[in-house]
Amino acid sequence: MLQSLAGSSCVRLVEQHRSAWCFALLVLGYLLYLVFGAVVFSSVELPYEDLLRQELGKLKQRFLEEHACLSEQQLEQFLMRVLEASNYGVSVLSNASANWNWDFTSSLFFASTVLSTTGYGHTVPLSDGGKAFCIIYSVIGIPFTLLFLTAVVQRIIVYVTRRPVLYFHIRWGFSKQVVAVIHAVTLGFITVSCFFLIPAAIFSVLEDDWNFLESFYFCFISLSTIGLGDYVPGEGYNQKFRELYKIGITCYLLLGLIAMLVVLETFCELHELKKFRKLFYVKKDKEEDQVHIMEHDQLSFSSISDQAASMKDDQKANEPFVTSQSPTSNDSSLNN
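Going by the annotation in an unreviewed UniProt entry, the name recorded for the protein chain is Potassium channel subfamily K member 1, with Nyctibius grandis given as the source organism. What the UniProt record of the protein chain gives under Sequence similarities (unreviewed entry) is the line "Belongs to the two pore domain potassium channel (TC 1.A.1.8) family."

Chemist: Can you break down the pattern of salt bridges residue by residue, with the values?
Modeler: Taken as a whole and judged by the stated rule, the model has four salt bridges. Taking the shortest distance from any N to any O, the salt bridge between E49 and R53 comes out at 3.1 Å. Here E49 and its partner R53 are both found in helix α2 (residues 18-66), four residues apart, which amounts to about one turn of the helix. Given a relative accessible area of 37%, E49 falls into the partly exposed group. In this structure, the salt-bridge partner of R162 is E269, at a minimum N-O distance of 2.7 Å.

Chemist: Can you explain the layout of surface pockets? Please cite residues and give values.
Modeler: Here the second largest pocket defines a volume of roughly 270 Å³. Residue lining of the second largest pocket: 14 residues in total, with V165, K176, A180, E269 and L270 positioned closest to the centre. For the lining of the second largest pocket, the secondary structure elements donating two or more residues are α5 (128-171), α6 (176-206) and α9 (271-278). When the residues that make up the lining of the second largest pocket are grouped by side-chain class, the tally is four nonpolar, five polar and five charged.

Chemist: Break down empty space enclosed by the protein for me, citing the residues and quoting the values.
Modeler: Summed over all chains, the structure comprises three cavities of 30 Å³ or more. Computed from the structure, the largest cavity encloses a volume of approximately 40 Å³. Taken together, S116, T118, S222, L223, L253, L254 and L257 form the lining of the largest cavity. Counting only elements with at least two residues in the lining of the largest cavity, the list comes to α7 (212-223) and α8 (242-268).

Chemist: Now, about the nonpolar core: what can you tell me, with residues and values included?
Modeler: Residues F203, C219, Y252 and L253 are the most contacted members of the largest nonpolar core, which totals 16 residues. Within the residue set of this core, elements represented by two or more residues are α6, α7 and α8. The element best represented in this core is α8, accounting for five residues. Once residues lying within four places of it in the same chain are set aside, the contact partners of L253 are F109, T113, Y120, S222 and L223. L149, V153, L257 and V262 belong to the second-largest nonpolar core, a separate cluster that totals seven residues.

Chemist: Just give me the short version of the packing of aromatic side chains, but keep the residues and values in it.
Modeler: Between two aromatic rings, the relevant description is the distance of the centres plus the angle of the planes. Considering all chains together, one arrives at 14 aromatic pairs under this definition. Measuring from ring centre to ring centre gives 5.5 Å for F133 and Y137, while their planes differ by 25°; the resulting arrangement is stacked. Of this pair, F133 and Y137 both sit in helix α5, four residues apart, which is roughly one turn of the helix. With relative accessibility at 54%, the residue F133 sits in the exposed group. In textbook terms, an aromatic cluster arises when at least three aromatic residues are bridged by ring pairs, as seen for F109, Y120, F203, W210, Y217, F218, Y231 and Y252.

Chemist: Pulling in residues and values, what's your account of the side chain of E207?
Modeler: In this structure, E207 sits in the loop between α6 and α7. Within the structure, E207 has its side chain in polar contact with the backbone nitrogen of G234 (distance 2.9 Å). Contacts of E207, omitting those with residues within four sequence positions, involve P233, G234, Q239 and Y245.

Chemist: Tell me about α6, and name the residues and values.
Modeler: The terminal C-alpha atoms of α6, which comprises 31 residues, lie 43 Å apart, in line with the 45 Å expected from a rise of 1.5 Å per residue. Helix geometry: α6 is bent most strongly at S193, by close to 35°.

Chemist: Give me the environment of C134: which residues, what numbers.
Modeler: Here C134 is to be found in helix α5. Sequence separation of C134 and V114 is 20 residues, and the distance between their C-alpha atoms is 8.5 Å. In this structure C134 touches F110 and P125, once residues within four positions along its chain are discounted.

Chemist: Quick one: what's the story with unusual backbone geometry, residue by residue and with numbers?
Modeler: Although it is not a glycine, T117 adopts a positive phi angle of roughly 60°. Here T117 is to be found in the loop between α4 (104-115) and α5. Even without being a glycine, T225 presents a positive backbone phi close to 60°.

Chemist: Run through a positive patch on the surface, naming residues and quoting values.
Modeler: Residues K176, K274, R277 and K278 make up a contiguous surface patch of positive charge. At three residues, the largest contribution of residues to the positive patch is made by α9. Along the chain, the position of K274 falls in helix α9. Taking the relative accessible area as the measure of exposure, K274 reaches 38% and is therefore partly exposed.

Analysis parameters
Residues numbered from 1 in each chain as written. Predicted model: local features only at pLDDT ≥ 70, side-chain atom pairs only at ≥ 80, totals over all residues. Heavy atoms only, no water. UniProt positions renumbered as here; feature names shortened; annotations may be inferred. Salt bridge = Lys/Arg side-chain N within 4 Å of Asp/Glu carboxyl O. Helix = DSSP H or I, 4+ residues; strand = E, 2+ residues; numbered from the N terminus. Buried < 20%, exposed > 50% of the residue type's maximum accessible area, 1.4 Å probe, protein only. 1 Å grid on protein atoms, 1.4 Å probe; cavity = no way out; pocket = protein on both sides within 12 Å on 5 of 7 lines; lining within 4 Å. Points joined across faces, edges and corners; volume = space filled by probe spheres on them. Nonpolar A, V, L, I, M, F, W, Y, C, P; charged D, E, K, R; others polar. Core = buried A, V, L, I, M, F, W, Y, C linked by side-chain atoms within 4.5 Å. Contact = heavy atoms within 4.5 Å. Phe/Tyr/Trp six-rings, centres within 6.5 Å; stacked < 30°, edge-to-face > 60°. Polar contact = N/O pair within 3.5 Å; in protein donor to acceptor, adjacent residues only side chain to side chain. Expected span 1.5 Å × (residues − 1). Bend = angle between axes of the 7 residues up to and from the residue. Patch = residues over 30% accessible without salt bridge, like charges linked within 9 Å, V, L, I, M, F, W, Y side chains within 5 Å. Areas by Shrake-Rupley, 256 points an atom, 1.4 Å probe, with all protein chains shown as cover. Lys, Arg positive; Asp, Glu negative; His and termini not counted. Charge placed at Lys NZ, Arg CZ, Asp CG, Glu CD.

Pasting the structure below:
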């Protein structure tokens, strides 16, 4: 008897605080996912970093042995300056000196990466004025970009998602939820093909040092706005039609970002995902909200009537040819 009562009380307690328990599990799952990613990245990448460090150490030692007139301190100062310039997108290599980072097309590409929050980091402002302008430009431009993308996606999704689903639901009588799931999967497959697979094949041809995996990696990192910057197209010294290529990449990033948002919005409108998201939301008590609204001074009926009466009295007082009457005379006239 006591066990059944305890079990029922525990179940009732869990049901009453279901949203809090789900949110706690969500936080715990996210933290575990972060730890899992850190463990995998560390175990996979640490051996490669160690090999690269050993290789660079051997090259440095061999260079110093071949050039005895150069001290290790002088070499390190030179390398530090070269690396600092490389972080600003300036290379000392003769085959890369012909590419300017701040011509119009490169600046247009940089502006698009800033506003889309991709930020490859391969090119950054050099001057203090450029850094200050980048701050002001981003503060205004990023919300403007969000507004622009929201408006574009809202219009596209009406014709791409909602109307087709309603057409198959009304015209052919299929279940709306089933049609929505099939449509979302189909739209996701088309988007992956048009903005990931096909562009990856094109980049693997246009970029000499990229294979298909690296090109697909660049497409995903770019359209997900992660923007690590380890792969940036159009930076080769023998790149043909570099200006036109940069403009094409800028258009690809904007269109691909819009397509990604359309797909995400389509999946977010699925009934199953809506129910799943509601598990982690705080539920509002409707009765308390109604009581709060009714007790609010500005919205209560008594305050509205009092305000209306005072406004009427003020209006009568301001009229020059209307004599004021006492409340008793008004009551007697109504009784008569």
